[in-house]
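Each chain is listed here by its residues.
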Amino acid sequence: MIETTNITFSPERLAEVQTLLKRYPEGKQKSAILPILHLAQKDFGWISVEVMDYVAELLDIQHIEVYEVATFYTMFHLKPVGKNVLEVCRTGPCMLVGSDNIVKYLEQKLSIQDGETTPDGLFTIKTVECLGACGYGPMMQVGEKYHEFLSEERIDQLLEGFRQNATQP
Amino acid sequence: MSRLKILTEHIDKPEITGIEGYIKHGGYRAVEKALKKMQPDEVTEEVKKSGLRGRGGAGFPTGMKWSFIFKGNDKPRYLLCNADESEPGTFKDRLLMEKIPHLLIEGMIASSFALGVKTAYIYIRGEYMYILHILQKAIDEAYAKGYLGENILGTTYSLDLHVHPGGGAYICGEETALIESLEGKRGNPRIKPPFPAVEGLWGCPTIVNNVETICKVPFIINEGGETYANIGIGASTGTKLISACGNINKPGVYEIELGVPVEEFIYSDEYCGGIKGGKQLKALVPGGSSVPILPNRLITKTAKGEPRLMSYESLSDGGFPTGSMLGSGGFIVFDEDQCIVRNTWNFSRFYHHESCGQCSPCREGTGWMEKILHRMEYGHGRMEDIDLLWDVQRKIEGNTICPFGDASAWPVAAAIRHFRDEFEWHVLHPAEATRRNYGMGRSAEPIEQVTA
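This is a predicted model, so every value here is computed, not measured.

Draft legend 1. Up close: the nonpolar core. Residues and elements named next belong to chain B. Counting residues in each nonpolar core, the largest one holds 157 residues, and the members touching the most others are Leu104 and Phe423. Ranked by residue count, the leading element in this core is helix H16 (residues 404-428), at 10 residues. Not counting residues up to four positions away in its chain, the partners in contact with Phe423 are Ile340, Val341, Thr344, Leu373, Met376, Ile386, Leu389, Ala415 and Ile416.

What follows is the structure, given as structure tokens:
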């Protein structure tokens, strides 16, 4: 499980933040909240209160302004998650082609329920609403990657791949 | 049969993603023409002539929307591209942005020129982060080639274009919620008026257009508005991307000339290729999850007995009791084994999950609908629940500050209207209802045998 320790962006990341801020007019730097929260989640694994406070200070805005945004948008993990968050779409079109069974299979394979993380911190299962892959379901998103036309066999392959990646230096 | 493809003619060519390949296939001609040979108002006039309607779902005439941009002050004006694409059943904009990103960028430049915009944003749903990288690379290429930045192509026109990620909220597809989100706030829709064209992003005049809408602009500039208006049928001009999914043989995104018969779209090999497994067609949601579902008897024929066409007018023919909407073009097909109660519950769960919570009827009502439908689906329904559901959806529709309330109410209303017997069956047969595995269609009995 990735913990939030040492809440500071690297110099490279801070340069990226400065580039982002230039996209918005003077005094409208609050607009960069979502892009910066995405970067923070990438670097720190999840969005803790400390991370939100750090983002607020970067943007020179009130802490509450970040809290209310981070808690509104579903992509931000407000609790620690596993290294691989398996976000399975469960909305209408994916349900029509079997997303319920995919979730059940994942729960059975990993011995955890929707929303839980495996004890080794490798996987979290999360059911989510429509991911815009309705013609290619059942599907799940892991990181930035879409995995479509899922079957039990395909799930087995993917889990094995994630496990192998975790053991590589 | 070879059909006219305005957006997707070259989409399968791998080189089209890069700027050189895009230019090789005629890209950026519209920018050259607009910036060097036309006045901004002339571009708007061509878009008006084309009859182009917004492709995000509402279908409002694009040229008219542009003409509303407020010019009475010297505030900056903004163009926002709505790439939030979160309507279940809809995955068409994703194709355009992924495969042919320069088409969107060209459309943004030409549209911004027409509107007098100096800075424009593409607001893309956060889940499409891999597409954001594709768009950013394309934007960088466009800057390097002089299509973006200061004095584009040696003219006096300058434009900056940025891509901005959302955070996974369906409501941010509503234009004022999108603006709030881009301002760094929760995606709570604003009360209109003032409309964004007068007071939008940071209080400045703003136009919000869908990806597909913007991508149509280069063709209209190159070929003329009249040429575009001559494609399609009646007031449904041009082509439309339809994202087809559900129980069909060939799910995917198809560009159609508006006016294609719905029957042809479902059964021809050129498009959906018929129902998977040779099953019967039970129902159709033609325009994304929010639009009313059509039962089998009203899919291929209208209430008047005329062939149902893929057009704004034909799909809504007869008004609510017998019509639906073209909407976003999210075409969801249900075979005979699918359970309407389960599907309606699923959509209600979606709307409950995604409600921003600002208006009480929507915040509370979507939750009530989900709970009632859940108990019906899982064998605890009561006969009076059907009327209660009807009552709740009626109290949401039209009583919220944005169309989200309507979007949550319409699927419930249409399901009860057309499939009331199936709701009654669930109440009368609770044990059977819980055992039926409609999702995979393995143990479902033919719907014809399901009677009260």
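Draft legend 2. Focus on the packing of helix H3 (residues 40-50) of chain B against helix H6 (residues 101-115) of chain B. Residues and elements named next belong to chain B. Close contact between H3 and H6 brings their axes to 7 Å; oriented N to C, the two are set at 115 degrees. Relative to H6, the element H3 is oriented roughly perpendicular. Handedness of the H3/H6 crossing: left-handed. Residue-level contacts link Pro40, Val43 and Thr44 of H3 to Ala110, Phe113 and Ala114 of H6. The residue inventory of the contact of H3 with H6, partitioned by class, reads 5 nonpolar, 1 polar and no charged.

Draft legend 3. Geometry of the sheet that holds strand S4 (residues 145-147) of chain A. Residues and elements named next belong to chain A. Reading across the sheet, the 4 strands line up as S2-S1-S3-S4 and stay open at both edges, with mixed pairing between neighbours. Here the strands that pair on one side only, and so sit at the sheet edges, are strand S2 (123-128) and S4. Going from strand to strand, the sheet's axes swing by 25 degrees on average, the running direction of each strand aside. Pairing geometry for strand S1 (residues 84-89) and strand S3 (residues 140-142), over 2 bridges, is antiparallel. Residue pairing in the sheet places Glu87 in a bridge with Gln141 of S3.

Draft legend 4. Representation of the interface of chain A and chain B. Taken together, the contact pairs 40 residues of chain A with 60 residues of chain B. Interface area, chain A with chain B, both sides summed: about 4,100 Å², of which 57% is carbon and sulfur. If you sort the residues of chain A by the area they bury against chain B, A:Arg23, A:Phe72 and A:Leu96 come out on top, with a joint share of 18%. Inspection of the region where chain A meets chain B yields 3 salt bridges. The partner of B:Arg342 in a salt bridge is A:Asp100, and the shortest N-O contact between them spans 2.4 Å. Here chain A and chain B share 23 residue pairs in polar contact (both at pLDDT 80 or more) between them. Of all the secondary structure elements, the ones that give two or more residues to the side of chain A that touches chain B are helix H2 (33-44), helix H4 (63-70), helix H5 (92-96) and helix H6 (99-110) of chain A. Classifying every residue of the side of chain A that touches chain B gives 20 nonpolar, 11 polar and 9 charged.

Draft legend 5. Representation of the domain arrangement of chain B. Residue and element names in this part refer to chain B. Parsing chain B into structural domains produces domain 1 (19-230), domain 2 (234-335) and domain 3 (340-434). Taking only C-alpha atoms, the centre of domain 1 and the centre of domain 2 are 27 Å apart. Counting from both sides, the interface comprises 21 residues of domain 1 and, opposite them, 24 residues of domain 2. Around 1,600 Å² of area is buried between domain 1 and domain 2 when both sides are counted, 54% of it from carbon and sulfur atoms. In terms of surface lost to domain 2, no three residues of domain 1 exceed Arg53, Arg55 and Phe91, which account for 30% of the buried area on that side. Between Glu212 and Lys240 there is a salt bridge, with its nearest N and O atoms 2.9 Å apart.

Draft legend 6. Here's a closer look at the environment of A:Gly137. Residue and element names in this part refer to chain A. Mapped onto the elements, Gly137 comes out in the loop between S2 and S3. The spatial distance from the C-alpha of Gly137 to the C-alpha of Cys89 is 8.3 Å, given a sequence separation of 48 residues. Not counting the four nearest positions on each side in its chain, Gly137 is found in contact with Cys94, Val97 and Phe149.

Draft legend 7. Broad picture of the packing of helix H15 (residues 384-396) of chain B against H16(B). Residues and elements named next belong to chain B. Two elements in contact, H15 and H16, have axes separated by 8 Å at closest approach and are oriented at 160 degrees. In terms of orientation, H15 lies roughly antiparallel with respect to H16. Judged by the twist between their axes, the crossing of H15 over H16 is left-handed. Judged by residue contacts, Ile386, Asp387, Leu389, Trp390, Gln393 and Ile396 of H15 engage Gly405, Ser408, Ala409, Val412, Ala413, Ile416, Arg417, Arg420, Phe423 and Glu424 from H16. Of the residues contributing to the contact of H15 with H16, the split by class is 9 nonpolar, 3 polar and 4 charged.

Draft legend 8. Spatial organisation of unusual backbone geometry. In this model, A:Gly137 is joined to A:Pro138 through a cis peptide bond whose omega is -5 degrees. Position of A:Pro138 relative to the elements: it lies in the loop between S2 and S3. Residue B:Pro193 is reached from B:Lys192 by a cis peptide bond, and omega for that bond is -5 degrees. Looking at the element boundaries, B:Pro193 is found in the loop between helix H8 (175-182) and strand S4 (206-210). We note that B:Glu85 has phi near 30 degrees; this positive angle belongs to a residue other than glycine.

Draft legend 9. Fine view of H15(B). Residues and elements named next belong to chain B. Taking 1.5 Å of rise per residue, 13 residues should cover 18 Å, and H15 covers 19 Å from first to last C-alpha, within 8% of that figure. The elements touched by buried residues of H15 are helix H14 (360-377) and H16. Downstream of H15 by one or two residues, Gly398 has phi in the positive range, about 80 degrees.

Draft legend 10. Summary view of helix H2 (residues 29-37) of chain B. Within H2(B), burial applies to B:Ala30, B:Val31, B:Ala34 and B:Leu35. Taken end-on, H2(B) shows its buried residues confined to a sector of 110 degrees, consistent with a single buried face.

Rules and cut-offs
Residues numbered from 1 in each chain as written. Chains lettered and ligands numbered in written order. Predicted model: local features only at pLDDT ≥ 70, side-chain atom pairs only at ≥ 80, totals over all residues. Heavy atoms only, no water. Core = buried A, V, L, I, M, F, W, Y, C linked by side-chain atoms within 4.5 Å. Buried < 20%, exposed > 50% of the residue type's maximum accessible area, 1.4 Å probe, protein only. Helix = DSSP H or I, 4+ residues; strand = E, 2+ residues; numbered from the N terminus. Contact = heavy atoms within 4.5 Å. Axes fitted to C-alpha atoms, helices over the stretch in contact; angles between N-to-C directions. Parallel < 35°, antiparallel > 145°, perpendicular 65-115°, else oblique. Left-handed = near helix turned anticlockwise from the far one by under 90°. Nonpolar A, V, L, I, M, F, W, Y, C, P; charged D, E, K, R; others polar. Pairing = 2+ DSSP bridges. Buried area = accessible area lost by both parts, 1.4 Å probe. Salt bridge = Lys/Arg side-chain N within 4 Å of Asp/Glu carboxyl O. Polar contact = N/O pair within 3.5 Å; in protein donor to acceptor, adjacent residues only side chain to side chain. Domains from an automatic or database assignment. Expected span 1.5 Å × (residues − 1). Arc of directions from axis to C-beta.

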